[in-house]
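Spelled out from the first residue to the last, the chains are:
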Amino acid sequence: MIREAERKDLDEILELYLFLHEENIPEKDDHLRDTWDQIMEDKNHHLIVNEIDGKIVSSCVCVIIPNLTRNVRPYAFVENVVTHADYRGRGLAGQCLDYAREIAEKENCYKMMLLTGSKKESTLHFYEKAGYNSSDKTAFIQWLGEH
């Protein structure tokens, strides 16, 4: 079942992120709780989860960014696409991306952007199959502080 995250999902999402690039689950301190509250309360921040048998096994984030160009149409940024290793290859992340696209279309976005750090051909093909291309724009990243 695909849906937007609820407050109760924090622990499961943090565990799922261990399959993304996280080395450990962050300490449950005020900063984490404040960040979670901010995400949950932001109408433009959509944390999408895909559940199987009540367990969150795939997810992505879709943030709608207000914009003054393109007829004052917003754009969407997709990040943190992840699937639990035991559930990969079943189309679950693709369903999350489809759900993100539905949100972006409903919000009248003129484009969606997604960055990946992966150089794996299978990952790049997955994003192309989901409708993304790497030829229209060039992405530059500047890391700040510790990453």
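To keep things clear, this report deals only with the structure shown in the data block. What you see is a predicted model, and the numbers here were worked out from it, not measured in a lab. (Residues numbered from 1 in each chain as written. Predicted model: local features only at pLDDT ≥ 70, side-chain atom pairs only at ≥ 80, totals over all residues. Heavy atoms only, no water.)

## What to know about the nonpolar core
Core analysis: the biggest nonpolar cluster contains 18 residues, and Ile48, Cys60, Val78, Val81, Leu97, Leu114 and Tyr132 have the highest contact counts within it. Among the elements of the structure, strand 3 (55-65), strand 4 (75-83) and helix 3 (92-106) are those that each provide at least two residues to this core. Counting residues per element, this core draws most heavily on helix 3, which supplies 6 residues. Ranked by size, the runner-up nonpolar core spans 14 residues in total, among them Leu10, Ile13, Leu14 and Ile39. (Core = buried A, V, L, I, M, F, W, Y, C linked by side-chain atoms within 4.5 Å. Buried < 20%, exposed > 50% of the residue type's maximum accessible area, 1.4 Å probe, protein only. Helix = DSSP H or I, 4+ residues; strand = E, 2+ residues; numbered from the N terminus.)

## Comments concerning the side chain of Asn50
Structurally, Asn50 can be placed in strand 2 (residues 45-52). Take Asn50: its relative accessible area is 2%, and that puts it in the buried class. Separated by 3.2 Å, the side chain of Asn50 and the backbone oxygen of Leu92 make a polar contact. Asn50 has contacts with Met1, Ile2, Lys55, Ile56, Val57, Ser58, Leu92, Gln95 and Cys96, leaving out every residue within four places of it along the chain. (Polar contact = N/O pair within 3.5 Å; in protein donor to acceptor, adjacent residues only side chain to side chain. Contact = heavy atoms within 4.5 Å.)

## What to know about the pairing of strand 3
Here strand 3 lies mainly inside the structure; 8 of its 11 residues are buried. Pairing analysis gives 8 bridges linking strand 2 to strand 3, with the strands arranged antiparallel. Within the sheet, the bridge partner assigned to His46 lies in strand 3 and is Cys62. Turn length for the strand 2-strand 3 hairpin, with the two strands adjacent in sequence and antiparallel, is 2 residues, and the turn residue Asp53 shows positive phi of about 50°. (Pairing = 2+ DSSP bridges.)

## Overview of the packing of aromatic side chains
Across all of its chains, the model carries 2 aromatic pairs by this definition. Ring centres 6.4 Å apart and planes at 75° place the aromatic pair Tyr75 and Tyr110 in the edge-to-face group. Of the two residues, Tyr75 is situated in strand 4 and Tyr110 in the loop between helix 3 and strand 5 (112-114); the sequence distance between them amounts to 35 residues. Take Tyr110: its relative accessible area is 24%, and that puts it in the partly exposed class. Geometry around Tyr75 places Lys111 over its ring, the cationic atom sitting 5.5 Å from the centre. (Phe/Tyr/Trp six-rings, centres within 6.5 Å; stacked < 30°, edge-to-face > 60°. Lys NZ or Arg CZ within 6 Å of the ring centre and 35° of its normal.)

## Here we look at the sheet that holds strand 3
Taken in spatial order, the 5 strands make up an open sheet running 1-2-3-4-5, and their pairing is mixed. Looking at which strands have only one partner, the edges of the open sheet turn out to be strand 1 (2-4) and strand 5. With direction set aside, neighbouring strand axes in the sheet form an average angle of 25°. With 3 bridges joining them, strand 4 and strand 5 adopt parallel strand pairing. By the bridge assignment for strand 5, Ala76 is matched with Met112. (Axes fitted to C-alpha atoms, helices over the stretch in contact; angles between N-to-C directions.)

## Some details on the pattern of salt bridges
A side chain with one charge can pair with a side chain of the opposite charge if their charged atoms come near. Tallying each qualifying case throughout the model produces 10 salt bridges. For Arg7, the salt bridge is made with Asp37, and the minimal N-O distance between the two is 2.7 Å. Linking Arg7 in the loop between strand 1 and helix 1 (10-16) with Asp37 in helix 2 (residues 30-41), this pair joins segments that are 30 residues apart in sequence. Looking at Asp37, the relative accessible area reads 31%, which means it is partly exposed. (Salt bridge = Lys/Arg side-chain N within 4 Å of Asp/Glu carboxyl O.)

That is the geometry; function is a separate question.
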